[in-house]
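# Structural description and commentary
Here is what each chain is made of, one letter per residue.
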Amino acid sequence: MHTSKYFVTGGAGFIGSNLVDRLLLQGNEVTVYDNFSTGIPEYLEAAKHKDGFRLINGDTQDIEKMTASMSGCDFVFHLAANADVRFGTEHPAKDLHQNTIATFNVLEAMRKNSINKIAFSSTGSVYGEAKVIPTPEDAPFPVQTSLYGASKLAGEGLIAAYCEGFGFQGWIFRFVSILGERYPHGHVFDFYKQLRAHPDHLDVLGNGHQKKSYLYVQDCINAIFTAIEKSQDKVNLFNLGTDEYCEVKDSIARICSYLDLKPDIRYTGGDRGWIGDNPFIFLDCKKIRSLGWKPEYTIHEGIVKTLEFLEDNPWLLERRS
Ligand SMILES: NC(=O)c1ccc[n+]([C@@H]2O[C@H](COP(=O)([O-])OP(=O)(O)OC[C@H]3O[C@@H](n4cnc5c(N)ncnc54)[C@H](O)[C@@H]3O)[C@@H](O)[C@H]2O)c1
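Residues numbered from 1 in each chain as written. Predicted model: local features only at pLDDT ≥ 70, side-chain atom pairs only at ≥ 80, totals over all residues.

## Quick word on the overall build of the protein chain
Rules: Strands are runs of DSSP state E lasting at least two residues, helices are runs of H or I lasting at least four, and both sets are numbered from the N terminus onward. Radius of gyration means the value over C-alpha atoms here, while the globule rule gives 2.2 Å times the residue count to the 0.38 power. Residues are called buried when their C-beta atom has 20 or more other C-beta atoms within 10 Å, exposed when it has 12 or fewer, and partly exposed otherwise; all C-beta atoms are positioned from the backbone.
Within the protein chain, the secondary structure is distributed over 11 helices and 13 strands. Whereas a compact globule of 321 residues would reach a radius of gyration of roughly 20 Å, the protein chain reaches 19 Å, a difference of no more than 12%. With the C-alpha coordinates aligned to their principal axes, the bounding extent of the protein chain is approximately 55 × 45 × 40 Å. Buried positions account for 45% of the 321 residues belonging to the protein chain.

Following this line, the structure appears as structure tokens:
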């Protein structure tokens, strides 16, 4: 990509901080805008010492501060969100405010600053329980099964409408679950944390047969860069995932083998772990593949890289407890 002045919401998070490091490595200027609700200051330790880096502790709900902070930038990566799918029904307004309204606020701040390029982290959860698997970008209009998915789909809709109405250009990425360095939430983290606390048993939501696809974080970032460089439509929509999936039971086996443990595995039962859990997520990624991108790591390698990171950073377990 050409060097630019990037504004990254959620740049202190798992995916955001990895993206920020890559953007700085390419010689770009980067402003991170993050309220540290789930962001981790240590993730920006290396970035802080690089030329062209700026950190603003701010909230996407604070439209005035965000508008002022965006001044001088020319491209926005909007990653800040409530990224937790599971607890949506416990606080129904959270996804609306943190995901949908936040996206509207980002778009308005861009409009006021005459910035018209945005990349957005959406999710495979927008497909609900898809009828077509692997699920392509143009799958039949999906029925929503989670407040998170619904709030992200609404964000996608706003971005597309700003592209049409205000001459914006948007890149929308529907990710499968992402794994790798700095991974601080999701099933590998939960299982690892449990096994470190009580190595003799593991509690698992559902029956373990849920089928999921995962993508290693650096592969995800490579795909984002490829799409931004090579796809120049008004609205550029891409699934990002691997050509494989695994059952939750398979990833448990890999985690246990890595930790050399044989715990008693206790399943809560049922084919879903929680309300809105999709028992089968597998995205068709031919569109991004056709641009020449392919993942360099398998799901198994992504799990191992995640575990290596967690082993090297025991403080993260404390932080997330
Ligand atoms: N991790 C995944 O597997 C995955 C899968 C699909 C989509 N996504 C999406 O990718 C993005 C990044 O996810 P992640 O896993 O890095 O999550 P994360 O929780 O690690 O990062 C989110 C970041 O946004 C910040 N943030 C949250 N609310 C904010 C607000 N109101 N104002 C300012 N900053 C705020 C947090 O402090 C955090 O740094 C999210 O939009 C998420 O929905 C993630």
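Right, picking up where we left off after that structure.
## Overview of the pairing of strand β1 (residues 5-9)
For clarity, the cut-off: In short, DSSP must find at least two bridges between two strands for them to pair.
Among the five residues that make up β1, four are buried, leaving the element largely enclosed by the rest of the structure. Two elements, β1 and strand β2 (residues 29-34), share five bridges in a ladder whose sense is parallel. Residue Thr9 lies in a different strand from β2, and its bridge partner there is Tyr33. Two elements, β1 and strand β4 (residues 75-78), share four bridges in a ladder whose sense is parallel. In the strand pairing of β4, Phe7 is matched with Val76.

## A closer look at the nonpolar core
Filter applied, for reference: One nonpolar core equals one set of buried Ala, Val, Leu, Ile, Met, Phe, Trp, Tyr and Cys residues connected by C-beta atoms within 7 Å. All the domain ranges listed were derived from an automatic or database domain assignment. Residue pairs qualify as contacts under a 7 Å threshold applied to their C-beta atoms, which are placed from the backbone.
Counting residues in each nonpolar core, the largest one holds 77 residues, and the members touching the most others are Val8, Val76, Phe173, Cys220 and Leu240. Summarising the domain contributions, this core has at least three residues from each of domain 1 (5-178 + 215-240) and domain 2 (180-213 + 245-282 + 297-319). Non-local contacts of Val8, meaning those with residues more than four positions away in its chain, are made with Gly16, Leu19, Val20, Val30, Thr31, Val32, Tyr33, Phe77 and Leu79. Among the nonpolar cores identified, the runner-up in size contains eight residues, and Ala130, Tyr148, Ala150 and Leu153 belong to it.

## Thoughts on the site of the ligand
Where we set the bar: For each residue, a C-beta atom is positioned from the backbone; the residue is called near a molecule or strand if that atom sits within 6 Å of it. Think of it as three bins: nonpolar holds Ala, Val, Leu, Ile, Met, Phe, Trp, Tyr, Cys and Pro, charged holds Asp, Glu, Lys and Arg, and polar takes everything else, Gly as well.
Around the ligand there are 29 residues in total, and Gly10, Gly13, Gly39, Ala81 and Ser121 lie nearest to it. Here the shell around the ligand gets three residues from one element, more than from any other, and that element is helix α1 (residues 14-25). Here the shell around the ligand is composed, by residue class, of 12 nonpolar, 15 polar and two charged.

## Concerning the environment of Gly155
Along the polypeptide, Gly155 turns up in helix α5 (residues 147-166). Accessibility expressed as a C-beta count within 10 Å gives 27 for Gly155, which makes it buried. Sequence-wise, Gly155 and Val85 are 70 residues apart; in three dimensions their C-alpha atoms are separated by 15 Å.

## Topic: helix α10 (residues 299-312)
A turn of α-helix holds 3.6 residues, and therefore any two residues three or four places apart point the same way. Rule in force here: Expected helix span is computed as 1.5 Å times (number of residues minus one). As used here, the arc belongs to the directions running from the helix axis to the C-beta atoms.
The first and last C-alpha atoms of α10 sit 20 Å apart over 14 residues, in line with the 20 Å expected at 1.5 Å per residue. Every buried residue of α10 is accounted for by Ile299, Gly302, Ile303, Thr306, Leu307 and Leu310. End-on, the buried residues of α10 take up no more than an arc of 135 degrees, which puts them together on one face. Turned more than 90 degrees from where α10 packs its buried face, Glu311 and Asp312 sit exposed. Elements in contact with the buried residues of α10: β7 (177-179), α6 (187-197), β10 (214-216), β12 (246-247), α8 (248-259) and α11 (315-319).

## Quick word on the sheet that holds β2
Condition: Axis definition: a line fitted to C-alpha atoms, limited for helices to the stretch in contact. Angles are taken between N-to-C directions and run from 0 to 180 degrees.
Pairing within the open sheet is parallel, and its seven strands lie in the order β3-β2-β1-β4-β5-β6-β11. In this open sheet, the two strands that pair with only one neighbour each are β3 (53-57) and β11 (235-240). Neighbour-to-neighbour, the strand axes of this sheet turn through a mean angle of 15 degrees, independent of strand direction. Two elements, strand β6 (residues 169-175) and β11, share six bridges in a ladder whose sense is parallel. Residue pairing for β11: Phe173 is matched across the bridge by Phe238. Strands in contact with α5 are β5 (117-123), β6 and β11; relative to β5, the strand with the most contacts, it is inclined by about 160 degrees.

## Section: the environment of Ala81
Relative to the elements of secondary structure, Ala81 occurs in the loop between β4 and α4 (92-112). Sequence-wise, Ala81 and Leu240 are 159 residues apart; in three dimensions their C-alpha atoms are separated by 18 Å.

## Examining the domain arrangement of the protein chain
Assigned domains within the protein chain: domain 1 (5-178 + 215-240) and domain 2 (180-213 + 245-282 + 297-319). Computed from C-alpha atoms alone, the centre-to-centre distance between domain 1 and domain 2 is 25 Å. Each side of the interface is counted separately: domain 1 has 27 residues, and domain 2 has 21 residues. Sorting the residues of the side of domain 1 that touches domain 2 by element identifies α1, β7 and α7 (217-230) as the ones contributing at least two each. For the side of domain 1 that touches domain 2, the residue count by class is 11 nonpolar, 12 polar and four charged.

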